[in-house]
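So you can see what is in the structure, the chains are spelled out below.
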Protein chains: 2
Amino acid sequence: MECQDYGLNRNIERDNLNLNPLQRGGVLTKEARKALYEFSDGYSVCDYCAGRLDEISRPAIHHFLDDLAEFIGVDQARTVHGAREGKFAVMHAICKPGDTIVVDGNAHYTTHLAAERNQLNMVEVPSNDYPEYRITPESYQEVLDYQEDYGEDVSLVLLTHVDGNYGNLTDARAIGKIAHDHGVPLLLNCAYSMGRLPVDARAFNADFVVGSGHKSMAASGPIGVLGLKDEWADTVLKLSKRHAVKEIEMLGCTSRGAPVATLMASLPYVIERVGRWDEEVQKTRDFVEKMERIGGIKQIGVKPKEHDLVRFETPVFDEIAEKHPRRGFFLYEELKKRKIVGIKRGQTKWFKCSAYGFTQEQTDYITRSFAEIVERYK
Amino acid sequence: MECQDYGLNRNIERDNLNLNPLQRGGVLTKEARKALYEFSDGYSVCDYCAGRLDEISRPAIHHFLDDLAEFIGVDQARTVHGAREGKFAVMHAICKPGDTIVVDGNAHYTTHLAAERNQLNMVEVPSNDYPEYRITPESYQEVLDYQEDYGEDVSLVLLTHVDGNYGNLTDARAIGKIAHDHGVPLLLNCAYSMGRLPVDARAFNADFVVGSGHKSMAASGPIGVLGLKDEWADTVLKLSKRHAVKEIEMLGCTSRGAPVATLMASLPYVIERVGRWDEEVQKTRDFVEKMERIGGIKQIGVKPKEHDLVRFETPVFDEIAEKHPRRGFFLYEELKKRKIVGIKRGQTKWFKCSAYGFTQEQTDYITRSFAEIVERYK
């Protein structure tokens, strides 16, 4: 049989300034590119495996997991295929079908999917209203009190540390404390934080944390991180009865390939960049200020920004689209002419973007480009 | 904090002849190496996603999945993280905790793990005795008849198409027929076959097949294939109630990164090499004959070989180890001097190996090397 042409190139995204927040934190380091080359063949990290991926010494996955655990403040760290697979594993290990979990109203869709796949009931902690959509400890307190008052058990509290819609940073420490006061463990979804900003599970009162290598840790996907406290190891990292060294929830081994090598190669850089998080926040605030100064552009979510993911409402572009011969496509096309990509074709009412990892010059070029487009067509 | 040195190189395995059967089928094509470069950054295949990984048109994942489905004889194909994750998903979708499944006695440990994670009971179909360890349709018939006679429901029959211990090829078609006669669907684990030899799920009477990209499809791990008949799509590919386009068992999307791009890039080559499977079998039979001619080396498993994975009992090396100053390490070290790797350090009683993908010259060099080592120390 003849295969079709799959168009396996990515020149546009590699050669241009990509504003997609999903992709800003996953750009590989040169060390990770080298690791990808070294470990590209299938099952490449398994050369010296004695039965446990997390104990492989060549490459030194065991040392890496120790370093990673220290970096994120957990007792035990494992790699999983991504944050969603980590959430599923925790829920699967500690909940039964029909159990209730409490999640924030800004939770990622994969939190819902992981719960649905585990047949769990979700009680949602609402955010406050437009335009902030803030998740507060008080709302968690209220929901957990209600559950307690009505004698409804909660098996797990989940909090999205930074959500993917508004880039709001939540108060994990306070919410973790509230969960513990109600005798419920906290799972913190750090897909948009771990690898960007400091994550310390102990300080956050989190029993479990998940992170995403491809989203925020300069790694090639699919790869994620699952961290936990020792007291949960017997449950979540339970060993098989039949294959005594294999962890059931990991199906034995998870990241049997190149992605884990890229995560390992990038870790020193990731640790270093997390130390510079304040600069990224400052750059984002400047970026927002310059964008809003254009007029007809408004940042949604908590202000001032505490994370690089920014959601803008952009009535100015929507008005232009109404009269522009290319209609809604004009913005994508105008940006692309200026070598800026990452905002969906046809989208003009609002968009999400991020300048994470860009230099100040690049960021200024981006805001100038938006200003130019407005000036030209308004 | 300071990271340790993780030793992220793989020169030895890349520069030498690697006999590890686990790795023979996962060596990348040059097209896959290029795809790895293009799609190395995290979340790289998601540039043009409209919500469904399997429907992405750039790169053309949707066309690829159509081609793949045709290639393996299924109605629907998805990528998963590996064969084990595919098995887990099928069991999770169609079985309930406490259900009974029937599996072959040569099943991979990940079959047991997937069942254990799903809290399923396993009834095993024994192989025949040493040295063949053959799995027969008659034994499946017997076990399924027994279950039926005692009124014990079976939710799923699983068969390992080619097992990883002896490299025995089973009669999927006959066993699939028997499963269907008992009203039970068949899940065929093709981790060691799909991408090496022709797999036609329809002809094999398989309702589900799983394959492994990193094991047998010239792809960078972790990546696997799940194929199924349309009649099971509503169950296994069930959509989320809340997120109407997302498939629950896939947690929305699975292979969000470079591995799927490598699998796509290698497919044309994989299709072509599967067409040359007879040559590989012939080469394996010659290899076994030459190895056995050395003396003190005996192939275990079904004879003549119908798959490249070969298990040898090697009393000759065990005898040498008793007297050799390097004891059990001598074989590994002697092979390494000859630029041959992939047999575990210290192992002399028996080993598994494969010459899959090697040229006849390379294969002859390998058998000559073993003969030389015996001659020198015996």
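Within every chain, residues take consecutive numbers counted from 1 along the sequence as written. Chain labels run from A onward and ligand labels from 1 onward, assigned in the order the entries are written. Side-chain atom pairs in this predicted model are given and counted only at pLDDT of 80 or more, local residue features only at pLDDT of at least 70, and totals for whole chains, interfaces and linings cover all residues.

**Digging into the overall build of chain A**
Reasoning step 1: The way it works is that DSSP assigns letters per residue, a run of H or I at least four long becomes a helix, a run of E at least two long becomes a strand, and they are numbered from the N terminus. From N to C terminus, chain A includes 15 helices and 12 strands.
Reasoning step 2: The globule rule used for comparison is 2.2 Å times the number of residues to the exponent 0.38, while the radius of gyration itself is calculated over C-alpha atoms. Here chain A has a C-alpha radius of gyration of 22 Å; the compact-globule value for 378 residues is 21 Å, and the two agree.
Reasoning step 3: Its C-alpha atoms give chain A principal-axis dimensions of roughly 70 × 55 × 45 Å.
Reasoning step 4: Buried, partly exposed and exposed are defined by the number of other C-beta atoms within 10 Å of a residue's own C-beta, namely 20 or more, between the two limits, and 12 or fewer respectively, with C-beta atoms placed from the backbone. Of all 378 residues assigned to chain A, the portion counted as buried reaches 53%.
Reasoning step 5: Looking at chain A alone, contacts between residues at least 24 apart form 66% of all its contacts between residues at least 6 apart. With C-beta atoms placed from the backbone, a contact is any residue pair whose C-beta atoms sit within 7 Å.

**Here we look at the domain arrangement of chain A**
Residue and element names in this part refer to chain A.
Reasoning step 1: Here chain A is described as being made up of domain 1 (39–273) and domain 2 (277–377).
Reasoning step 2: Each of domain 1 and domain 2 was reduced to a C-alpha centroid, and the two centroids are 31 Å apart.
Reasoning step 3: Between domain 1 and domain 2, the contact holds 15 residues from the first and 12 residues from the second.
Reasoning step 4: Classifying every residue of the side of domain 1 that touches domain 2 gives 8 nonpolar, 4 polar and 3 charged. Note: domain ranges come from an automatic or database domain assignment. Residue type decides the class: Asp, Glu, Lys and Arg count as charged, Ala, Val, Leu, Ile, Met, Phe, Trp, Tyr, Cys and Pro as nonpolar, and the leftover types, Gly among them, as polar.

**What about the packing of helix α7 (residues 137–149) of chain B against helix α8 (residues 172–181) of chain B?**
Residues and elements named next belong to chain B.
Reasoning step 1: Remark: α7 packs on α8, axes separated minimally by 9 Å, with the N-to-C direction vectors making an angle of 15°. Judged by the angle between their axes, α7 and α8 are roughly parallel. Handedness of the crossing formed by α7 with α8: right-handed. Across the interface between the two elements, Pro-137, Tyr-140, Gln-141 and Leu-144 from α7 touch Ala-174, Ile-175 and Ile-178 from α8.
Reasoning step 2: Looking at the contact of α7 with α8 residue by residue, the classes come out as 6 nonpolar, 1 polar and no charged. Comment: axis = line fitted to C-alpha atoms, over the contacting stretch for helices; angle = value between 0 and 180 degrees taken between N-to-C directions. Working rule for angles: under 35 degrees goes down as roughly parallel, over 145 as roughly antiparallel, 65 to 115 as roughly perpendicular, anything else as oblique. Helix crossings are classified by the rotation of the near helix relative to the far one: an anticlockwise turn of less than a right angle makes the crossing left-handed, while a clockwise turn makes it right-handed.

**Structural notes on the environment of Glu-38 of chain A**
Reasoning step 1: Here Glu-38 of chain A shows up in helix α3 (residues 30–38).
Reasoning step 2: Taking the C-alpha atoms as reference, Glu-38 of chain A lies 8.7 Å from Ala-261 of chain A; in sequence the two are 223 residues apart.
Reasoning step 3: Excluding its chain neighbours within four sequence positions, the residues that come into contact with Glu-38 of chain A are Ala-261 of chain A together with Leu-8, Asn-9 and Arg-10 of chain B.

**Some words on the relation of the copies chain A and chain B**
Reasoning step 1: The copies were overlaid by least squares, fitting only the C-alpha atoms of residues that reach a pLDDT of 70 or more in each copy. For the pair chain A and chain B, the best superposition has an RMSD of 0.0 Å and corresponds to a rotation of 180° with a translation of 0.0 Å parallel to the axis. As the rotation angle and translation indicate, the two copies are arranged about a two-fold axis.
Reasoning step 2: Counting the interface residues of chain A, we find that 100% of their copies in chain B are interface residues as well, pointing to one common contact surface.

**Notes on the interface of chain A and chain B**
Reasoning step 1: Taken together, the 73 residues of chain A in the interface contact 73 residues of chain B.
Reasoning step 2: Among the secondary structure elements, those contributing two or more residues to the side of chain A that touches chain B are α2 (21–24), α3, α4 (61–72), α5 (83–94), α6 (109–117), α9 (213–216) and α11 (258–274) of chain A.
Reasoning step 3: The biggest single contributor to the side of chain A that touches chain B is α11 of chain A, with 8 residues.
Reasoning step 4: Taken together, the residues that form the side of chain A that touches chain B break down as 32 nonpolar, 22 polar and 19 charged.

**Some details on the sheet that holds strand β2 (residues 76–80) of chain A**
All names here are of chain A.
Reasoning step 1: Overall, mixed pairing links the 7 strands, which are arranged β2-β8-β7-β6-β5-β3-β4 in an open sheet. In the strand order of this sheet, the two ends are held by β2 and β4 (121–125), each with one partner. The mean inter-strand angle of the sheet, taken between neighbouring strand axes irrespective of direction, is 20°.
Reasoning step 2: In this description, strands pair whenever DSSP reports at least two bridges between them. Across 5 bridges, β2 lies against strand β8 (residues 224–228) in antiparallel orientation. Bridging from a neighbouring strand, Val-80 pairs with Gly-224 of β8.
Reasoning step 3: Strands β2, β3 (100–104), β5 (156–160), β6 (186–189), β7 (208–212) and β8 of the sheet are contacted by α5, whose axis makes an angle of about 155° with β7.

**Details of the sheet that holds strand β9 (residues 298–300) of chain B**
Two orientations exist for strands paired in a sheet by backbone hydrogen bonds: parallel and antiparallel.
All names here are of chain B.
Reasoning step 1: The 3 strands lie next to each other as β9-β10-β12, forming an open sheet whose pairing is antiparallel. Both outer strands of the open sheet, β9 and β12 (350–353), are each paired with one neighbouring strand and no more. The sheet shows a mean angle of 35° between the axes of neighbouring strands, taken without regard to direction.

**Concerning the nonpolar core**
Reasoning step 1: Formed by 224 residues in total, the largest nonpolar core has its most connected members in Leu-188 and Val-209 of chain A together with Leu-188 and Val-209 of chain B.
Reasoning step 2: Setting aside residues up to four positions removed in sequence, Val-209 of chain A forms contacts with Ile-72, Val-74, Leu-188, Cys-190, Met-194, Val-199, Ala-201 and Gly-227 of chain A. A set of buried residues qualifies as a nonpolar core if it consists of Ala, Val, Leu, Ile, Met, Phe, Trp, Tyr and Cys joined through C-beta atoms within 7 Å.

**Quick look at α6 of chain A**
Because an α-helix completes one turn every 3.6 residues, residues spaced three or four positions apart along the sequence face the same direction.
Residues and elements named next belong to chain A.
Reasoning step 1: Extensive coverage of α6 is indicated by the burial of 7 of its 9 residues.
Reasoning step 2: Among the residues of α6, those classed as buried are Thr-110, Thr-111, His-112, Leu-113, Ala-114, Ala-115 and Arg-117.
Reasoning step 3: Among the structural elements, α5, β3, β4, β5 and β6 are those in contact with the buried residues of α6.
Reasoning step 4: Directly after α6, the chain includes Gln-119, whose backbone phi takes a positive value near 55°.

**Quick word on the pairing of strand β5 (residues 156–160) of chain B**
Residues and elements named next belong to chain B.
Reasoning step 1: A large share of β5 lies buried, amounting to 5 of its 5 residues.
Reasoning step 2: Side chains Leu-156, Leu-158 and Thr-160 of β5 all project onto a buried face; the interleaved residues Val-157 and Leu-159 project onto the opposite face, where all are buried too.
Reasoning step 3: Across 3 bridges, the pairing between strand β3 (residues 100–104) and β5 is parallel. Of the residues in β5, the one forming a bridge with Val-102 is Val-157.

**Thoughts on the packing of helix α4 (residues 61–72) of chain B against helix α11 (residues 258–274) of chain B**
Residue and element names in this part refer to chain B.
Reasoning step 1: Running from amino to carboxyl end, α4 crosses α11 at an angle of 40°, the nearest separation of the two axes being 11 Å. In terms of their interaxial angle, α4 and α11 are classed as oblique. Handedness of the α4/α11 crossing: left-handed. Note on element contacts: α11 touches α4 through Val-260, Met-264, Leu-267 and Ile-271, opposite Ile-61, Phe-64, Asp-67, Leu-68 and Phe-71.
Reasoning step 2: Here the contact of α4 with α11 is built from residues that sort into 8 nonpolar, no polar and 1 charged.

**Description of unusual backbone geometry**
Reasoning step 1: The linkage connecting Tyr-130 of chain A with the following residue, Pro-131 of chain A, adopts the cis geometry, with an omega of 0°.
Reasoning step 2: Here Pro-131 of chain A lies in the loop between β4 and α7 (137–149).
Reasoning step 3: Unlike most non-glycine residues, Tyr-133 of chain B shows phi in positive territory, near 55°.
Reasoning step 4: Note that Tyr-133 of chain B resides in the loop between β4 (121–125) and α7.
Reasoning step 5: On the neighbour-count criterion, Tyr-133 of chain B (19 C-beta atoms within 10 Å) is partly exposed.

**Let's talk about the confidence of the model for chain A**
Reasoning step 1: As a per-residue measure, pLDDT reflects the predictor's confidence and takes values from 0 up to 100. For chain A, mean pLDDT is 97; residues scoring 70 or higher make up 100% of the total.
Reasoning step 2: Reported for the predicted complex are a pTM of 0.97 and an ipTM of 0.97.

**Let's talk about α4 of chain B**
Residue and element names in this part refer to chain B.
Reasoning step 1: How far a helix is expected to stretch is found by multiplying one less than its residue total by 1.5 Å. For α4, with 12 residues, the first-to-last C-alpha span of 16 Å sits near the 16 Å given by 1.5 Å per residue.
Reasoning step 2: Buried residues of α4: Ile-61, Phe-64, Leu-65, Asp-67, Leu-68, Phe-71 and Ile-72, and no others. Looking down the long axis of α4, one finds its buried residues gathered within 160° of arc, a one-sided arrangement.
Reasoning step 3: Buried residues along α4 sit against β2 (76–80), β7 (208–212), β8 (224–228) and α11. For this quantity, the arc is that covered by the directions from the helix axis to the C-beta atoms.

**Here's the deal with the environment of Ala-114 of chain A**
Residue and element names in this part refer to chain A.
Reasoning step 1: By the element assignment, Ala-114 lies in helix α6.
Reasoning step 2: Judged by C-beta crowding, with 31 C-beta atoms within 10 Å, Ala-114 ranks as buried.
Reasoning step 3: Between the C-alpha atoms of Ala-114 and Ala-89, which are 25 residues apart in sequence, the distance is 8.6 Å.

**A look at the environment of Thr-170 of chain A**
All names here are of chain A.
Reasoning step 1: Turning to its location among the elements, Thr-170 is positioned in the loop between β5 and α8 (172–181).
Reasoning step 2: Look at Thr-170 and you get buried, because 26 C-beta atoms sit within 10 Å.
Reasoning step 3: Counting along the chain gives 34 residues from Thr-170 to Thr-136, while the straight-line C-alpha distance between them is 7.2 Å.
Reasoning step 4: In this structure Thr-170 touches Ile-135, Leu-159, Thr-160, His-161 and Ile-175, once residues within four positions along its chain are discounted.

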